[in-house]
Amino acid sequence: MQISISDAAQAHFRKLLDQQEEGTNIRIFVVNPGTPSAECGVSYCPANAVEATDTEMKYATFSAFVDEVSLPFLEDAEIDYVTEELGAQLTLKAPNAKMRKVAEDAPLIERVDYVIQTQINPQLASHGGRITLIEITDEGYAILQFGGGCNGCSMVDVTLKEGVEKQLVEMFPNELKGAKDVTEHQRGEHSYY
């Protein structure tokens, strides 16, 4: 595994490292890995700060060290250095920081949960809402609990049916038939569409 660091970002790191003590490299890490508040970061890594359990990733002019705990959460991570009108900034994308990547052959519930945590909840977060996967029924329905800003929101049905359900069924076409709100499921009502 190698974290993708663009040429521009590598040049930027090299410039910064040239101002540090010789032998200094960078460290890439995740704070609160595997939680909704995970943050990816980069710091200087002097030679004496390298741990035996670190993974070294070699780049053209420096190495990046990653600690054992952060490593699985940095899969598919990308670091870029983007120049915009307001100046240049380093961008870190770590799609798996909040949740470790799930294997293709993992149980359906784990794979669906991964999609909800990494793709659907970030979309709902702007409205202060989030979804929790409660179970997957034998008939192939994902039972979802809406929390946060979604509770009592009249848009829940629309969000569920048009957004979330469609997205999940498209991603798991042969395994999921649809999604239901846990309250609808508990009442045992059958909605006909």
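- Taking an unreviewed UniProt entry as the reference, the protein is identified by name as Fe/S biogenesis protein NfuA belonging to Mesocricetibacter intestinalis.
- Under the heading Function (unreviewed entry), UniProt records this for the protein: "Involved in iron-sulfur cluster biogenesis. Binds a 4Fe-4S cluster, can transfer this cluster to apoproteins, and thereby intervenes in the maturation of Fe/S proteins. Could also act as a scaffold/chaperone for damaged Fe/S proteins."

## Here's the deal with the sheet that holds strand 6 (residues 78-84)
So, point 1. Read across the open sheet, the 3 strands follow the order 1-6-7; overall the sheet is mixed. Of all strands in the sheet, those with a lone pairing partner are strand 1 (4-5) and strand 7 (87-93), marking the two edges.
So, point 2. For strand 1 and strand 6, the ladder comprises 2 bridges, and the chain directions are parallel. By the bridge assignment, Ile 5 is partnered in strand 6 with Ile 79.

## A word on the sheet that holds strand 4 (residues 55-58)
So, point 1. The strand order across the open sheet built from 4 strands is 3-2-5-4, with neighbouring strands paired in mixed fashion. Looking at strand neighbours, the two that pair on one side only are strand 3 (39-45) and strand 4, the edges of this open sheet. For this sheet the average axis-to-axis angle between neighbouring strands, irrespective of direction, equals 25 degrees.
So, point 2. Looking at chain direction, strand 2 (residues 25-31) and strand 5 (residues 63-66) are connected through 3 bridges and run parallel. Residue pairing in the sheet places Arg 27 in a bridge with Phe 65 of strand 5.

## Some words on the pairing of strand 7
So, point 1. Examined bridge by bridge, strand 6 and strand 7 share 7 bridges and lie antiparallel to one another. If you follow Val 82 over to strand 7, its bridge partner there is Gln 89.
So, point 2. Adjacent in sequence and paired antiparallel, strand 6 and strand 7 are bridged by 2 residues.

## Remarks on the packing of aromatic side chains
To describe a pair of aromatic rings, one takes the distance between the centres and the angle between the planes.
So, point 1. Going through the model one piece at a time under the given rule, you end up with 2 aromatic pairs.
So, point 2. Ring centres of Phe 13 and Phe 62 lie 5.9 Å apart, and the angle between their planes is 80 degrees; this geometry places the pair in the edge-to-face category. Taken together, the residues span a long stretch of sequence, with Phe 13 in helix 1 (residues 7-18) and Phe 62 in the loop between strand 4 and strand 5 at a distance of 49 residues.
So, point 3. On the accessibility criterion, Phe 13 (4% relative accessible area) is buried.

## Re the nonpolar core
So, point 1. Counting 20 residues, the largest nonpolar core has Ile 3, Ile 5, Ile 26, Ile 28 and Leu 74 as its most contacted members.
So, point 2. Secondary structure elements with two or more residues in this core: helix 1, strand 2 and strand 5.
So, point 3. Excluding residues that lie within four positions of it along the chain, Ile 5 makes contacts with Gln 10, Phe 13, Ile 26, Ile 28, Tyr 59, Phe 62 and Ile 79.

## Some words on unusual backbone geometry
So, point 1. Even without glycine at this site, Asn 32 takes up a positive phi of about 55 degrees.
So, point 2. Here Asn 32 is to be found in the loop between strand 2 and strand 3.
So, point 3. Although it is not a glycine, Asp 76 sits at a positive phi angle of roughly 65 degrees.
So, point 4. You can see Asp 76 is positioned in the loop between strand 5 and strand 6.
So, point 5. Since its relative accessible area comes to 40%, Asp 76 is described here as partly exposed.

## Quick look at the side chain of Arg 111
So, point 1. By the element assignment, Arg 111 lies in helix 2 (residues 108-125).
So, point 2. Looking at Arg 111, the relative accessible area reads 17%, which means it is buried.
So, point 3. Those residues in contact with Arg 111 that sit more than four places away from it in its chain are Val 102, Ala 103, Glu 104, Ala 106, Phe 172 and Glu 175.

Rules used throughout
- Residues numbered from 1 in each chain as written.
- Predicted model: local features only at pLDDT ≥ 70, side-chain atom pairs only at ≥ 80, totals over all residues.
- Heavy atoms only, no water.
- UniProt positions renumbered as here; feature names shortened; annotations may be inferred.
- Pairing = 2+ DSSP bridges.
- Helix = DSSP H or I, 4+ residues; strand = E, 2+ residues; numbered from the N terminus.
- Axes fitted to C-alpha atoms, helices over the stretch in contact; angles between N-to-C directions.
- Phe/Tyr/Trp six-rings, centres within 6.5 Å; stacked < 30°, edge-to-face > 60°.
- Buried < 20%, exposed > 50% of the residue type's maximum accessible area, 1.4 Å probe, protein only.
- Core = buried A, V, L, I, M, F, W, Y, C linked by side-chain atoms within 4.5 Å.
- Contact = heavy atoms within 4.5 Å.

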